[in-house]
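Residue-level structural notes
Listed here are the chains, written in short residue letters.
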Amino acid sequence: MDYFLSEEQLMIKDLARQIAVEKVVPVREELDEKEEFPWEIMKALAQSDLFGLFIPEQYGGLGKGAFELALAVEELSKACVGVATTYAANALGTYPLLLFGTDEQKKKYLPDIAAGKKLVAFGLTEANAGSDAGGIQTTARADGDHYVLNGTKQWITNGGEAEIYTVIAITDKTRGARGASAFVVEKGTPGFSFGKKERKMGIRASATRELVFEDCKIPKANIIAREGMGFIVAMKTLDNSRAGVGAQGVGVAQGAIDEALKFARQRVQFGHPIISFQAIQHMLADMATETEAARALVYAAARYIDSGAKDVTRASAMAKLFATDVAMRVTTNAVQVMGGSGYMKEYPVEKMMRDAKILQIYEGTNQIQRNVIAQALIKESAAASKGK
Amino acid sequence: MRIVVCIKQVPDTSEVKINPETGALVREGVPSIINPFDMHAIEAALSIKEQLGSSAACSVCVLTMGPPQAESALREAVSFGVDEAVLVSGREFAGGDTLATSRALSAAISKIGADIIICGKQAIDGDTAQVGPEVAEFLDIPHISYVKKISGISGAVIRAERMMDDGHDVVEAELPCLITVVRELNTPRLPSLKGKMAAKKIEIKKLGLADLGISEEEAGFKGSPTQVKKIFTPSARTGRRMAEGSIEEQVDAIIKELMERKCL
């Protein structure tokens with residue numbers, strides 16, 4: 001399918017593919033096995049300017065948007081979702097600054113992020129606050145020129161490896177969701193440390209850790225937007241980043257199809273390559289069709305975000321939901337097409353299947369995405385009937 | 001500081017076939033690439049530039065001689081971060097041997113100006129490894145070939161390790177100087193997006209015979225004392241045998257054979 005990409009967009013896609021093929025594919029199995037953070041690949045991405053894709057030119061980036069980011073994420077995800085998660089989580093952590101930061105904050109942080117000199121992580125989830133972000137217990141108490149942070153963030157992607165953290169904490173317990181605020185915290189700040197590194201089913205090259213705040217003092221200037229804006233910052237951030245999770249789904253699904261196709265053309269049973277059997281053909285046809293539909297939806301949502309549309313919540317939730325459910329189905333079926341070989345670590349599809357699972361869970365489970373979409377439908381329908 | 005990198009566009013030998021009748025390379029439909037050793041030369045230039053920092057006002061210029069389509073190799077070099085590109089081109093340069101090629105390249109370098117000239121150790125199609133040193137001779141400057149490490153550049157001196165069969169020499173030379181580099185020196189980088197965008201837009205400077213002040217007799221086929229008489233694929237040697245059995249038995253068999261042939 002031709003999505004009429006511009007010359008620059010094709011360039012971005014080609015470059016991301018080249019990095020995926022030359023730098024990621026040869027090491028993905030080892031990174032997965034050893035749970036090793038992909039610093040070498042991050043360096044290559046930095047040198048290639050890909051960290052600056054979605055950052056405005058005035059802050060050292062290339063001034064592109066969610067769509068170009070999705071193209072890069074898709075290509076990396078074809079090779080390894082663990083690597084793509086590390087890259088995409090960097091964007092997730094950057095969005096609060098990009099969308100709500102002051103010019104001063106942007107000048108201070110964005111150039112280093114664009115150059116890939118500093119990685120970023122986003123800290124929202126806690127032990128008692130997952131799907132219910134209202135359960136956040138980390139607090140930020142105003143104290144003279146400072147805020148004092150206390151609490152523990154859980155399962156934070158790029159935790160420990162990143163230099164810059166955008167964190168949501170409660171500034172006013174009495175105000176519920178309106179009592180949360182967003183902050184930027186730098187690694188090395190006294191009172192800020194890291195808990196254990198998690199061992200995971202998939203995306204094992206990515207780092208997932210606790211962020212521990214014990215009387216961590218940060219300057220007042222480190223608040224992002226105003227006190228009480230924390231939830232809005234978090235929600236708008238996720239609205240922008242979810243299309244990227246969809247792109248991860250499209251990428252890993254395509255990667256799995258490519259492997260399954262290659263295998264099915266070579267594997268001979270009953271005297272014929274198995275691809276000559278309709279049972280296999282129909283599976284591959286469905287996999288390819290669903291993946292193409294997911295790609296079209298993700299691209300449409302990303303372009304909608306870049307159009308400057310005011311409310312992109314539903315579009316990005318749909319893209320995330322559909323593309324990642326497709327990714328799980330397609331990677332599972334790629335293993336099925338390849339049979340025993342698919343189940344073995346000798347082939348990359350078992351890893352793709354393990355990696356795909358997280359996409360249905362992180363940045364809002366797919367059940368939460370359905371809630372978000374349904375709420376938007378109800379709101380729209382109510383508004384329409386009021387108008388009558 | 002000005003660095004000139006000499007590159008050559010060559011057929012991708014991993015894809016190349018040989019015409020069994022003429023013995024010549026079949027170039028039709030074979031993709032062209034930057035000579036792999038020259039990729040290391042480009043990387044060396046870019047890392048020198050990075051190490052010197054902006055204070056040294058260092059620029060990297062890439063130079064090639066070839067047909068108009070060699071422009072694509074120059075543009076690719078720009079995508080890695082090279083600042084300027086120069087193409088020496090013209091019918092008169094066709095069919096040149098290493099002498100004629102070096103003469104033309106050195107004339108171009110004199111025009112461009114250079115403190116350091118970097119070449120790959122050899123091209124994978126010709127394999128002579130002569131052009132780099134010959135360019136240095138034409139320019140009457142020192143050269144260090146087979147460089148596997150650049151230890152430092154301070155003031156007007158470059159210090160480098162030259163790869164030898166039994167280790168390496170540490171060589172110092174005054175600038176301007178030419179070096180030829182081996183694969184062990186570095187790992188070539190991937191292109192960058194800003195580089196790719198620059199590569200599309202960059203204006204490639206073109207130099208012809210008149211610009212270089214070379215006569216027609218000194219260029220290309222006419223200026224080449226070496227001429228290729230025949231290219232052929234050597235026939236495979238036959239009569240090979242494998243010794244069998246345990247290691248001891250194999251060694252015994254070989255010793256016996258060598259003695260029979262009066263080699264021992």
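Residues numbered from 1 in each chain as written. Chains lettered and ligands numbered in written order. Predicted model: local features only at pLDDT ≥ 70, side-chain atom pairs only at ≥ 80, totals over all residues. Heavy atoms only, no water.

**A look at the overall build of chain B**
Helix and strand content of chain B: seven helices and 13 strands. Projecting the C-alpha coordinates of chain B onto the three principal axes gives extents of approximately 70 × 45 × 40 Å. Counting all 264 residues of chain B, 43% fall into the buried class. Here chain B has roughly 14,800 Å² of accessible surface; of this, 51% comes from carbon and sulfur atoms. Positive and negative side-chain charges of chain B, numbering 31 and 37 respectively, have mean locations separated by a distance of 4 Å. (Helix = DSSP H or I, 4+ residues; strand = E, 2+ residues; numbered from the N terminus. Buried < 20%, exposed > 50% of the residue type's maximum accessible area, 1.4 Å probe, protein only. Areas by Shrake-Rupley, 256 points an atom, 1.4 Å probe, with all protein chains shown as cover. Lys, Arg positive; Asp, Glu negative; His and termini not counted. Charge placed at Lys NZ, Arg CZ, Asp CG, Glu CD.)

**Quick word on the nonpolar core**
Residues Leu45, Leu50, Leu53 and Tyr87 of chain A are the most contacted members of the largest nonpolar core, which totals 127 residues. Considering each element in turn, this core owes the most residues, 15 residues, to helix 7 (residues 230-266) of chain A. Not counting the four nearest positions on each side in its chain, tyrosine 87 of chain A is found in contact with Met42, Leu45, Leu50, Phe51, Leu53, Leu69, Ala72, Val73 and Leu76 of chain A. Among the nonpolar cores identified, the runner-up in size contains 39 residues, and Val5, Ala45, Ala70 and Ile118 of chain B belong to it. (Core = buried A, V, L, I, M, F, W, Y, C linked by side-chain atoms within 4.5 Å. Contact = heavy atoms within 4.5 Å.)

**A closer look at the interface of chain B and chain A**
On the chain A side, the residues contacting the 10 residues of chain B number 18 residues. For chain B, the biggest contributors to the area lost against chain A are Leu190, Leu193 and Met197 of chain B; these three give 49% of the whole. At the boundary of chain B with chain A, the tally comes to one salt bridge. Between glutamate 7 of chain A and lysine 200 of chain B there is a salt bridge, with its nearest N and O atoms 2.8 Å apart. Connecting chain B to chain A are seven residue pairs in polar contact (both at pLDDT 80 or more). (Buried area = accessible area lost by both parts, 1.4 Å probe. Salt bridge = Lys/Arg side-chain N within 4 Å of Asp/Glu carboxyl O. Polar contact = N/O pair within 3.5 Å; in protein donor to acceptor, adjacent residues only side chain to side chain.)

**What about the domain arrangement of chain A?**
Residue and element names in this part refer to chain A. Domain boundaries in chain A define domain 1 (7-118), domain 2 (121-228) and domain 3 (231-382). On a C-alpha basis, the centres of domain 2 and domain 3 stand 30 Å from each other. Across the boundary between the two partners, domain 2 contributes 16 residues, which contact 12 residues of domain 3. Taken together, both faces of the contact between domain 2 and domain 3 bury some 1,100 Å²; the carbon and sulfur share is 79%. Viewed at the interface, domain 3 and domain 2 are joined by two residue pairs in polar contact (both at pLDDT 80 or more). A breakdown of the residues in the side of domain 2 that touches domain 3 according to their chemical character gives 12 nonpolar, three polar and one charged. (Domains from an automatic or database assignment. Nonpolar A, V, L, I, M, F, W, Y, C, P; charged D, E, K, R; others polar.)

**Observations regarding the pattern of salt bridges**
Residue and element names in this part refer to chain A. The tally for this structure, following the rule as stated, stands at 40 salt bridges over all chains. One salt bridge connects arginine 17 with glutamate 75, and the closest N-O pair in it is separated by 3.5 Å. Of this pair, arginine 17 sits in helix 1 (residues 7-24) while glutamate 75 is found in helix 4 (residues 66-79), placing the two residues 58 residues apart along the sequence. By relative accessible area, glutamate 75 is classed as buried at 2%. A single salt-bridge network, built from bridges that share partners, covers Asp32, Glu35, Arg199, Arg204, Lys345, Glu350 and Arg354.

**A closer look at the packing of helix 1 of chain A against helix 5 (residues 193-201) of chain B**
In the contact formed by helix 1 of chain A and helix 5 of chain B, the axes pass within 10 Å of each other and the chain directions differ by 135°. Put simply, helix 1 of chain A runs oblique to helix 5 of chain B. Of the two possible hands of crossing, helix 1 of chain A and helix 5 of chain B adopt the one that is right-handed. Between helix 1 of chain A and helix 5 of chain B, the residues in contact are Glu7, Glu8, Met11, Ile12, Asp14 and Leu15 of chain A and Leu193, Lys196, Met197 and Lys200 of chain B, respectively. Class assignment of the residues belonging to the contact of helix 1 of chain A with helix 5 of chain B gives a composition of five nonpolar, no polar and five charged. (Axes fitted to C-alpha atoms, helices over the stretch in contact; angles between N-to-C directions. Parallel < 35°, antiparallel > 145°, perpendicular 65-115°, else oblique. Left-handed = near helix turned anticlockwise from the far one by under 90°.)

**Some points on the sheet that holds strand 11 (residues 167-174) of chain B**
Residues and elements named next belong to chain B. Taking strand neighbours across the sheet as the criterion, the nine strands line up as 11-10-9-12-8-1-6-7-13 in an open arrangement whose pairing is mixed. The open sheet terminates on both sides in strands that have one partner only, identified here as strand 11 and strand 13 (205-207). Along the sheet, successive strands turn relative to each other by an average axial angle of 30°, direction set aside. Pairing geometry for strand 1 (residues 2-6) and strand 8 (residues 116-120), over four bridges, is parallel. Bridging across to strand 8, cysteine 6 finds its partner in cysteine 119. Docked against the sheet, helix 1 (residues 36-52) engages strand 1, strand 6 (59-65), strand 8, strand 9 (143-154) and strand 12 (177-181), running at close to 150° with respect to strand 8. (Pairing = 2+ DSSP bridges.)

**Quick look at unusual backbone geometry**
For the peptide bond that leads from leucine 175 of chain B to proline 176 of chain B, omega is -5°, which places it in the cis range. You can see proline 176 of chain B is positioned in the loop between strand 11 and strand 12. Even without glycine at this site, glutamate 35 of chain A takes up a positive phi of about 50°. Owing to a relative accessible area of 19%, glutamate 35 of chain A belongs among the buried residues under this scheme.

**Side note on helix 9 (residues 313-343) of chain A**
End to end, helix 9 of chain A covers just 37 Å across 31 residues, shorter than the expected 45 Å (1.5 Å per residue, more than 12% under). In the structure, helix 9 of chain A departs most strongly from a straight axis at valine 337 of chain A, where the bend amounts to approximately 90°. (Expected span 1.5 Å × (residues − 1). Bend = angle between axes of the 7 residues up to and from the residue.)

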